[in-house]
Amino acid sequence: MVETDFLIYTLPNGIRLIHKYADSPVGHLGILINTGSRDEEPDEHGLAHFIEHSVFKGTKKRKAFHILSRIEDVGGELNAYTTKEETTLYSTFLAEFYERTAEMLSDILFNSTYPEKELKREKEVVLEEINSYKDSPSELIFDEFEELIYDGHPIARNILGNPVNLISFNRESILRFIGNNYHTDQMVISSVGKIDFGTLIKLTEKYFGQAETKLRQNSRKIFDNYIPGNLLVEKDTFQSHCMIGNLAFDVMHPRRIAMVLLNNIIGGQAMNSRLNMALRERKGMAYNIESGYTAYTDTGLFNVYFGTDHENLEKAIGLVLKEFKLLREKKLGVLQLSKAQKQLMGQIAISTENREDLMLTIGKSYLLFNKVDTIQTIFRKIEAITPLDLLEVANEVLNESQMSRLVYK
């Protein structure tokens, strides 16, 4: 990638556009909105996610079937997801159908009618999604760990919501949430595909430029009252499931990249991560052992998850804490650091080959930072990390006295 790979434009109403040209028959287009489940009021818990489901259920000129068929009839895919801080609608399609896709995304975003009959049916779908999640302790524990960490704060609430609130949602509550939280200066249209940028600008002006200008005035509630917790939950499961973690750096923090590297060393996607080697390869104690780092706008979370036989639980926890202690007390050698840096850079480079992921990644970066670093810039930041940087980050984030723990046993 070079500096000119990303082309940007801002519509008069504040919606931003970012594009990367790709000489491919397949195009990717999405709209990212800086609104998620943390922006809900307590009685709106689950509403952001329910809206993501409901935008496909009818517009002023289309019924639900016609929305799905509009893209899928030409071999494309239409999709959406909700996180704690974002809602995203996106599509993958043959590049010749850029205009069809842009019109479709605009229609469901700005003209959805949320018919009560369709909402009633979709509530049953979401209820099944909630119930299926409860049947999977290895997934449920992630949400309940955030509830433990962020106790009492909107980030603590899971994305899916709960059955009681779900039943209460209606067209009016949906339109009220959208009116309060969907702002044009907090929207980014992201594109990766074979289309001239001037043509793409005209399409976005045609289909997104008519939206009324709405600028965000409200600010999110800041999280600032972390108290480490330790919770044991009795569950009828074959394995014990364990989460260990602590607060980490927010998305704007200068040490965020060092935290990404440290997390990758501890329990990233590679099979040679420290925890995978310690628990799985050497001891055979866990099939799945992983660490994660999530950076929010005002806080961050580092966590380790593993599942193991009940009798191995305490030994496994001891091994995890031992690896934390080593990283707090011993600097990485020059060769160790170089290998870790090259590994992370390779993973990032490979991820850019998936153009759908690239479209979503550059869209989120532009949404949050109003810029997208080139891959060379990212590599330079990773290469600038020193052993002392990692040691200091480890001593702050892997501080055992500040760790929280959640166990299903």
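Our structure is the block above this text.
Report on the accompanying structure.

## Some thoughts on the overall build of the protein chain
Then, in step 1: Each helix and strand in the protein chain was counted, giving 15 helices and eleven strands.
Then, in step 2: With the C-alpha coordinates of the protein chain rotated into their principal frame, the extents come out at 60 × 50 × 40 Å.
Then, in step 3: Here the protein chain holds 409 residues, and 55% of them are scored as buried.
Then, in step 4: Across the protein chain, every contact between residues at least 6 apart in sequence was considered, and the portion connecting residues at least 24 apart equals 82%.
Then, in step 5: Of the accessible surface of the protein chain, which amounts to about 19,000 Å², a share of 51% is contributed by carbon and sulfur atoms.
Then, in step 6: Across the protein chain, the 48 positively charged side chains and the 57 negatively charged ones have centroids separated by 3 Å.

## Thoughts on the packing of helix α3 (residues 98-110) against helix α8 (residues 197-208)
Then, in step 1: Where α3 contacts α8, the two axes come as close as 9 Å, and the packing angle between them is 30°. Taken together, the axes of α3 and α8 lie roughly parallel to each other. Taken as a pair, α3 and α8 cross one another with a handedness that is right-handed. On α8, the residues that touch Tyr98, Glu99, Ala102, Glu103, Leu105, Ser106, Leu109 and Phe110 of α3 are Leu200, Leu203, Lys206, Tyr207 and Phe208.
Then, in step 2: Of the residues belonging to the contact of α3 with α8, the class tally is nine nonpolar, one polar and three charged.

## What to know about the pairing of strand β1 (residues 6-10)
Then, in step 1: As judged from the five bridges shared by β1 and strand β2 (residues 16-21), these two strands associate in the antiparallel manner. The partner of Ile8 across the bridge, within β2, is Ile18.
Then, in step 2: Counting the residues between successive antiparallel strands, the hairpin from β1 to β2 contains five residues, one of them, Gly14, with a positive phi of roughly 100°.

## A word on the pattern of salt bridges
Then, in step 1: Taken as a whole and assessed by the stated rule, the structure comprises 19 salt bridges.
Then, in step 2: Among the salt bridges present, the one from Asp39 reaches Arg220, with a minimum N-O distance of 2.8 Å. Remark: Arg220 occurs in the loop between α8 and β7 (230-233) and Asp39 occurs in the loop between β3 (26-33) and α1 (47-54); sequence separation between them is 181 residues.
Then, in step 3: For Asp39, a relative accessible area of 14% puts it in the buried group.
Then, in step 4: Given a relative accessible area of 14%, Arg220 falls into the buried group.
Then, in step 5: Ionic pairing is found between Arg255 and Glu396, a salt bridge with its closest N-O pair at 4.0 Å. Residue Arg255 is located in the loop between β8 (240-248) and α9 (256-267), and its partner Glu396 is located in helix α15 (residues 387-397); the two are separated by 141 residues in the primary sequence.
Then, in step 6: Judged by relative accessible area, Arg255 falls into the partly exposed class, the value being 27%.
Then, in step 7: Owing to a relative accessible area of 45%, Glu396 belongs among the partly exposed residues under this scheme.
Then, in step 8: Residues joined by salt bridges that share partners form a network here, namely Arg38, Asp39, Glu85, Arg220 and Asp298.

Basis of the calculations
Residues numbered from 1 in each chain as written. Predicted model: local features only at pLDDT ≥ 70, side-chain atom pairs only at ≥ 80, totals over all residues. Heavy atoms only, no water. Helix = DSSP H or I, 4+ residues; strand = E, 2+ residues; numbered from the N terminus. Buried < 20%, exposed > 50% of the residue type's maximum accessible area, 1.4 Å probe, protein only. Contact = heavy atoms within 4.5 Å. Areas by Shrake-Rupley, 256 points an atom, 1.4 Å probe, with all protein chains shown as cover. Lys, Arg positive; Asp, Glu negative; His and termini not counted. Charge placed at Lys NZ, Arg CZ, Asp CG, Glu CD. Axes fitted to C-alpha atoms, helices over the stretch in contact; angles between N-to-C directions. Parallel < 35°, antiparallel > 145°, perpendicular 65-115°, else oblique. Left-handed = near helix turned anticlockwise from the far one by under 90°. Nonpolar A, V, L, I, M, F, W, Y, C, P; charged D, E, K, R; others polar. Pairing = 2+ DSSP bridges. Salt bridge = Lys/Arg side-chain N within 4 Å of Asp/Glu carboxyl O.

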